[in-house]
Structures are given as structure tokens and as C-alpha cells.
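As a plain string of letters, each chain reads:
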Amino acid sequence: MNPAIEIRGLTKVYGQTTALGGVDLTVPEGSVFGFLGPNGAGKTTALRILTGMARPTAGGATVFGHDVVSATNDVRSVIGYLPDVPGYYPWMTAEEFLRFAGRLHGVTGSVLDDRVASLLDMAGLAGVKQKVGGFSRGMKQRLGVAQALINAPKLLMLDEPTSALDPMGRKDVLDMIAALRGNTTVFFSTHILTDVERVCDTVAILDHGRVVRQASMTELKREGHAVRLLIEVESGAERLLSVVAGQPWAMECDRDGRVVRCIATDMGAARRAIPAIVAGEGLGLVRMIDEEPTLEDVFVELVGGRD
């Protein structure tokens, strides 16, 4: 089985600026793939090349085995795409806009009727007669995802789909993306770490035009990143910190209010010792849990200190 996307040595240079500097990337079919990086990392440039809207300076890429440069029509027929700032005809309703988008893809008749009804329902816009010009940003983004699915694509490419949305708008769009897992490959470009952590199963981190890490979400958060013990007490956290930090298994301990966090060289010894330490200090233990690294921890380690 071919991967959904395969990129090898992809390079794009604008004048004296290198937007992409030899990117290698493989996107598994059926995954929700997070293409993560700070603004200006080269994410949109990569999406423009994959959709045939720009040509690489060097290297190449395939979408389901089709070369994105020489087989543009074959590539576009299997892709749905939502740009970072989608445009709409404000005088149309959501249904009219989806029908218009469907006809552009050659979808007609009962197939178009069924898809429009299904996608309006998925987007939470079924029965909405308001013109698109009066939609909120969240409604427009949900409609944008729906139009990108009107041709039943094998690959859905989304460029910053939750940018500038309020919390409820983000939740709605992310729920739509998560619902596609296993049926449609989703290539999700963003700089919002919490969105990737919530819906993606595989991630690539792009920085200064280069992929600095690609892995499954589980691998990315576990490899090389220690699990921390989180200990919360009713009071006396500062005293607890000084005692815990002096233990032979303790390293990198810190305090945040009533919470003490500590990386332990021997987690078993730490788990056995901490309740006794808390009791010995006369403190009230609220909770003690293993705290896995967050995607933010990994991201900052990989790109936070880069020039």
C-alpha cells in the first residue's frame, strides 16, 4: 500500500530565501497527520506544492503514488483542500455554496444531493438558511471543511483550520476532523500545539524549512522525555520540595503553588517514598500522579532554542 503522501528532498527557494530545505516526510494512509511548526516554518509552502499550486525548486512528492508536478489533475481529483483564509460568495447559503463546489468537481444528481445533506449535517449547518456573509468565523470554517470534502477525497489538506477561532469554534472544527479518522487521510497544518495533541495520531515538526522530527504522538512524547511525578499537598509544598529534592532518586524538582513536580531516576523508589515523606512532614496529600510530557515540552525542546 502506498503512503498517502511521500516527500523526498523537497526544496523551495524564493530569491535568497529558502522556504523548504530538503524536506523528507511520509504520511500514513488513514491517519490524522499533524504538520506542526511555528509561523514562517514553511508549512503553507509545502501544502501549495502538494496541491499543485507551486512547483518545487528541487526534490519531489507523491500523493497516493501520483507525482504532484507531472500528474496534477490526477492529484487534484483525490484531494480536498481548505486554505488558511478561505473565500466565499457572501450571497449564497451554505447549501448553495456546497452545490456550487460539487458541480465544479463534476458531482451532480442524487450523488450531489446526498453529499450536500450529509456534509451540512456533519458541519452542523443543516437547515441554516442564513447567507454565508452573515456566518461567524467558526461557521465559515466548518463550511470550509465541508466543501473540501464534497468530492469525497482520499486526502483532506487543511491549512491552519482553527486559527482565530474561539474555543467553541475550535472544538467544532476539531470534532469534524477527528470524525474522519480511518476514512479519509487528514493532513493538518497548524502552529497550535493543543489542537495537534487532541486529534492527531502522527506528527511532523517543521522548523526553518526542515523536518526536525516525525513520529507517532505516543513516540514523540515518550522518547527521550522523562515522566514526572506530580505531588499536590494541602499546604507546605515549599517544605516538601526541599525534602524531596534531597532524595537520592530526585532530579529536576520544582514547585508551582501547592504542586511539586520531580523527575525520578527510580520511579518505583520515588512512589514508595513520597507518601511516607508527606506523612513525616505532617502534610495532607491531595494527589500523586505520573505526569507525561506534553507536546509543548517536546516542541520547545526541538525548536524553542533554534535561531
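Trainee: Looking at this structure, I do not really get the packing of helix H3 (residues 94-104) against helix H4 (residues 109-122). What am I missing?
Mentor: Relative orientation of the contacting elements H3 and H4 amounts to 135°, with a least axis distance of 10 Å. It follows that H3 is oblique to H4 by the angle criterion. In the packing of H3 onto H4, the handedness of the crossing is right-handed. Between H3 and H4, the residues in contact are Ala-94, Glu-95, Leu-98, Arg-99, Gly-102 and Arg-103 and Leu-112, Asp-113, Val-116, Leu-119 and Leu-120, respectively.

Trainee: Please explain the packing of aromatic side chains as it appears in this structure.
Mentor: Within a pair of aromatic rings, the relevant descriptors are the distance that separates the centres and the angle that separates the planes. Within the structure shown, the criterion is met by 5 aromatic pairs. Where Phe-33 meets Phe-187, the ring centres are 5.6 Å apart and the plane angle is 20°; that geometry is what we call stacked. Remark: Phe-187 occurs in strand E8 (residues 185-190) and Phe-33 occurs in strand E3 (residues 32-36); sequence separation between them is 154 residues. Between Tyr-89 and Trp-91, the aromatic rings sit 5.1 Å apart at their centres with planes inclined by 40°, giving tilted as the arrangement. Classification of Tyr-89 as partly exposed rests on a relative accessible area of 37%. Linked through ring pairs, Phe-33, Phe-35 and Phe-187 together constitute an aromatic cluster. Between Lys-154 and the ring centre of Phe-64, over which it is positioned, the NZ or CZ distance is 4.0 Å.

Trainee: Help me out: how do you make sense of the nonpolar core in this one?
Mentor: If you look at soluble globular proteins, the nonpolar side chains tend to sit buried side by side. Among the nonpolar cores identified, the biggest contains 48 residues, and Leu-143 and Ile-177 are the most heavily contacted of them. Ignoring anything within four residues of it in the chain, the contact list for Leu-143 reads Tyr-88, Ala-94, Phe-97, Leu-98, Leu-125, Val-132 and Phe-135. Grouped together as the second largest cluster of nonpolar side chains are 29 residues, Leu-20, Ala-41, Val-75 and Leu-155 included.

Trainee: Sorry, what's going on with the layout of surface pockets here?
Mentor: Leftover empty space is mapped by rolling, across the atoms, a probe with the size of a water molecule. The volume enclosed by the largest pocket comes to roughly 210 Å³. Along the wall of the largest pocket there are 14 residues; nearest its centre are Gly-87, Phe-97, Ala-101, Leu-104 and Gln-147. Only strand E6 (79-82), H3 and helix H5 (137-148) provide two or more residues apiece to the lining of the largest pocket. Counting residues per element, the lining of the largest pocket draws most heavily on H3, which supplies 4 residues. Taken together, the residues of the lining of the largest pocket sort by class into 10 nonpolar, 4 polar and no charged.

Trainee: Would you mind showing me how to read the sheet that holds E3 here?
Mentor: Strand-to-strand pairing in sheets goes through backbone hydrogen bonds, with the strands running parallel or antiparallel. Within the open sheet, the 6 strands sit side by side as E6-E7-E8-E3-E9-E10. Their pairing is mixed. Bordering the open sheet on either side are E6 and strand E10 (210-216), each of which pairs with just one other strand. Each strand axis lies, on average, 15° off the axis of its neighbour in the sheet, ignoring direction. Sheet topology places E3 next to E8; 5 bridges connect them, and they run parallel. The residue of E8 that forms the bridge with Phe-33 is Phe-187. Across the sheet, H5 touches E6 and strand E7 (155-159), and the angle it forms with E6 is around 160°.

Trainee: Quick question: what am I supposed to make of unusual backbone geometry here?
Mentor: Within the chain, His-208 stands out as a residue other than glycine whose phi angle is a positive 50°. Within the secondary structure, His-208 is located in the loop between strand E9 (202-207) and E10. Owing to a relative accessible area of 48%, His-208 belongs among the partly exposed residues under this scheme. At Glu-252, a position not held by glycine, the phi torsion is positive, near 50°. Mapped onto the elements, Glu-252 comes out in strand E12 (residues 250-256).

Calculation criteria
Residues numbered from 1 in each chain as written. Predicted model: local features only at pLDDT ≥ 70, side-chain atom pairs only at ≥ 80, totals over all residues. Heavy atoms only, no water. Axes fitted to C-alpha atoms, helices over the stretch in contact; angles between N-to-C directions. Helix = DSSP H or I, 4+ residues; strand = E, 2+ residues; numbered from the N terminus. Parallel < 35°, antiparallel > 145°, perpendicular 65-115°, else oblique. Left-handed = near helix turned anticlockwise from the far one by under 90°. Contact = heavy atoms within 4.5 Å. Phe/Tyr/Trp six-rings, centres within 6.5 Å; stacked < 30°, edge-to-face > 60°. Buried < 20%, exposed > 50% of the residue type's maximum accessible area, 1.4 Å probe, protein only. Lys NZ or Arg CZ within 6 Å of the ring centre and 35° of its normal. Core = buried A, V, L, I, M, F, W, Y, C linked by side-chain atoms within 4.5 Å. 1 Å grid on protein atoms, 1.4 Å probe; cavity = no way out; pocket = protein on both sides within 12 Å on 5 of 7 lines; lining within 4 Å. Points joined across faces, edges and corners; volume = space filled by probe spheres on them. Nonpolar A, V, L, I, M, F, W, Y, C, P; charged D, E, K, R; others polar. Pairing = 2+ DSSP bridges.

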